[in-house]
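# Structural features, examined
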Amino acid sequence: MQIGIFSVGDVTTDPTTGRTPTEFERIQAQVEIAKKAEDIGLDVFATGEHHNPPFISSAPTTTLAWIGAQTKKIILSTATTLITTTDPVLIAEDYAKLQHLSGGRVDLMMGRGNTGPVYPWFGKDIRQGINLAIENYALLHQLWREDVVTWKGRFRTPLQGYTSTPRPLDGVPPFVWHGSIRSPEIAEQAAFYGDGYFHNHIFWPSSHAGQMIRLYRERWEAHGHGPSDTAIVGLGGQFFMRKNSQDAWNDFRPYFDNAPVYGHGPSLEDFTKATPLTVGSPQQVLERTLSFRDYAGDYQRQLFLLDHAGLPLKTVLEQLDLLGEILPEMRKGFAEGRPAHIPDAPTHASMVARAGGAKDSTVYAAADAATGHRAEDALQVSA
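Residues numbered from 1 in each chain as written. Predicted model: local features only at pLDDT ≥ 70, side-chain atom pairs only at ≥ 80, totals over all residues. Heavy atoms only, no water.

Looking at an unreviewed UniProt entry, one finds the chain named LLM class flavin-dependent oxidoreductase, with Tessaracoccus antarcticus as its source organism.

### Structural notes on the overall build of the chain
Regarding its fold elements, the chain presents 14 helices and 13 strands. Taking 21 Å as the expected radius of gyration for a compact globule of 383 residues, we find that the chain reaches 21 Å, a close match to that expectation. Viewed in the frame of its principal axes, the chain has a C-alpha envelope of about 70 × 45 × 40 Å. Taken over 383 residues, the chain has a buried fraction of 53%. Taking the intrachain contacts of the chain between residues at least 6 apart in sequence as the baseline, contacts between residues at least 24 apart amount to 72%. (Helix = DSSP H or I, 4+ residues; strand = E, 2+ residues; numbered from the N terminus. Rg over C-alpha atoms; globule rule 2.2 N^0.38 Å. Buried < 20%, exposed > 50% of the residue type's maximum accessible area, 1.4 Å probe, protein only. Contact = heavy atoms within 4.5 Å.)

### With respect to a nonpolar patch on the surface
Together, Phe-203, Trp-204 and Val-261 give the surface a local cluster of nonpolar side chains, amounting to about 280 Å² of exposed area. Mapped onto the elements, Val-261 comes out in the loop between helix H8 (245–258) and helix H9 (268–274). Under the relative-accessibility criterion, Val-261 is labelled exposed at 58%. (Patch = residues over 30% accessible without salt bridge, like charges linked within 9 Å, V, L, I, M, F, W, Y side chains within 5 Å. Areas by Shrake-Rupley, 256 points an atom, 1.4 Å probe, with all protein chains shown as cover. Salt bridge = Lys/Arg side-chain N within 4 Å of Asp/Glu carboxyl O.)

### Re the packing of helix H5 (residues 129–143) against helix H6 (residues 184–193)
Where H5 meets H6, the closest approach of the two axes is 10 Å, and the angle between their N-to-C directions is 15°. Considered as vectors, H5 and H6 are oriented roughly parallel to each other. Considering the relative orientation of H5 and H6, their crossing is right-handed. Every residue of H6 that contacts H5 at Ile-130, Ala-133, Ile-134, Tyr-137, Ala-138 and His-141 is listed here: Glu-185, Ile-186, Gln-189 and Tyr-193. (Axes fitted to C-alpha atoms, helices over the stretch in contact; angles between N-to-C directions. Parallel < 35°, antiparallel > 145°, perpendicular 65-115°, else oblique. Left-handed = near helix turned anticlockwise from the far one by under 90°.)

### Let's talk about the environment of Gly-18
Residue position: Gly-18 is located in the loop between strand E1 (2–7) and helix H1 (23–39). Along the chain, Gly-18 and Asn-136 lie 118 residues apart, while their C-alpha atoms are 42 Å from each other.

### Concerning the layout of surface pockets
Rolling a probe over the atoms, with the probe sized like a water molecule, indicates the empty space that remains. Taken as a whole, the second largest pocket encloses approximately 360 Å³ of empty space. In terms of lining residues, the second largest pocket is bounded by 22 residues, among which Phe-175, Gly-194, Pro-346, Met-351 and Arg-354 are the most central. Counting only elements with at least two residues in the lining of the second largest pocket, the list comes to H5, strand E8 (175–179) and helix H13 (348–354). Of the residues belonging to the lining of the second largest pocket, the class tally is 14 nonpolar, four polar and four charged. (1 Å grid on protein atoms, 1.4 Å probe; cavity = no way out; pocket = protein on both sides within 12 Å on 5 of 7 lines; lining within 4 Å. Points joined across faces, edges and corners; volume = space filled by probe spheres on them. Nonpolar A, V, L, I, M, F, W, Y, C, P; charged D, E, K, R; others polar.)

### Quick word on the nonpolar core
Grouped together as the largest cluster of nonpolar side chains are 94 residues, with contacts concentrated most on Ile-5, Leu-42, Tyr-216, Phe-252 and Leu-323. Setting aside anything within four residues of it in sequence, one finds Leu-323 in contact with Ile-40, Leu-42, Phe-239, Met-241, Phe-304 and Met-330. (Core = buried A, V, L, I, M, F, W, Y, C linked by side-chain atoms within 4.5 Å.)

### Brief notes about the sheet that holds strand E2 (residues 44–47)
Backbone-to-backbone hydrogen bonds pair the strands of a sheet. The strands run either parallel or antiparallel. Pairing is parallel across the open sheet formed by nine strands, whose spatial order is E3-E2-E1-E13-E10-E9-E8-E5-E4. The sheet is open, and its two borders are formed by strand E3 (75–78) and strand E4 (81–82), each paired with just one other strand. Its contacts with the sheet put H6 on E8 and strand E9 (196–199), and the angle it makes with E8 is roughly 160°. (Pairing = 2+ DSSP bridges.)

### Topic: the side chain of Gln-238
Following the sequence through the fold, Gln-238 ends up in the loop between strand E10 (233–235) and strand E11 (239–241). The exposure class of Gln-238 is buried, given its relative accessible area of 3%. In this view, Gln-238 contacts Ile-202, Tyr-262, Phe-271, Pro-276, Leu-277, Thr-278, Phe-304, Leu-305 and His-308; residues no more than four positions away in its chain are not counted.

### With respect to the environment of Glu-269
By secondary structure assignment, the location of Glu-269 is in helix H9. Measuring from C-alpha to C-alpha, the distance between Glu-269 and Trp-249 comes to 9.2 Å, with 20 residues separating the pair along the chain.

### Structural notes on the pairing of E9
The alternating pattern of E9 places Gly-196 and Phe-198 and Tyr-197 and His-199 on opposite faces, both of which are buried. Pairing analysis gives three bridges linking E8 to E9, with the strands arranged parallel. Looking at the pairing, Gly-179 lines up with Phe-198 of E9. As for the winding sense of the linkage, the β-α-β connection from E8 through H6 to E9 is right-handed. Sheet analysis places E9 next to E10, joined by three bridges and oriented parallel. For His-199, the partnering residue across the bridge sits in E10 and is Leu-235. (Right-handed = clockwise from strand over helix to strand, strands pointing away.)

### Concerning H1
Spanning 17 residues, H1 covers 25 Å between terminal C-alpha atoms, matching the ideal 24 Å at 1.5 Å per step. Among the residues making up H1, those that are buried are Arg-26, Ala-29, Gln-30, Val-31, Ile-33, Ala-34, Ala-37 and Glu-38. For H1, the secondary structure elements touched by its buried residues are E1, E2, helix H2 (60–69) and helix H12 (313–335). Where H1 ends, the next residue or the one after it, Gly-41, has phi of about 100°, a positive value. (Expected span 1.5 Å × (residues − 1).)

Written out as structure tokens, the structure reads:
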């Protein structure tokens, strides 16, 4: 079971002080949070991708590479990679490069994002969101598995004998999760490829999360990847805790009440009842989190959103310290009663082992001094 945190990278005013952090402060805070996550023994740090104020989460590979240079073990992930508006050729190159730089400590969560205006910014039509997600991922999947790709689709120029470089580390592409809150087509996509399915699990009730996960599990089995309970599932979540439960409610309330995403709506009490948001003591957070298995089954990855709504860095680091205190019990609880046939979350090492060992995937081609050399020529592939 992988346990970690994810960040959307919002720049939000602290309602208790009226101060808004600068972009520089917020970017640096993400790095400190990721390093702290490794220090307390978490498995994953993930960053979202936004291209508009009030977010600092553009260029996620830059952020993750910088974090990777300052950490040793933690998996570097996205939450999400915009498969609809980012060219799959660029994704293939960027994340394979990050694989090499981090020694394989990278995976991706594909998604459509939640910012509608991003589509025209990158020359895309939001009405084609699902179709873009399907076509672009099909191309990315091929680019990482074939040395020379000839391809034609609806939404980008064709490729003729194209080789994406660098090739995936050890011949094994990064593991991919498909993130979706409400789209059954994305759950189907994840199941079709035998990839992971990640449910954001923040704004919707547990009954909805359970329904989407069941659909993915059923389709996983239908596509021949194994029994439904062996499908690879991840969940989001969020909490705020203090040693004393009432202090947690008092301290978090102004942040919740003014948060851009859910402030000025349902009360904190109503929202915690209707969604997985947990506010209380460490023991309450532990028990609520372990209860997710009641509707998700035995799953592979649990990520928490902590640095949002204007919470200052000091408070986020305190939350991580408290999470670190209950982390051993959380791991023990998730392991308790877990059937032996349920797979662990895929890692680079486990995927390399399954592939029969590491191989040099470099495409060696003699370079032309001026323009480079086409890989299909070196491999004697017809153009």
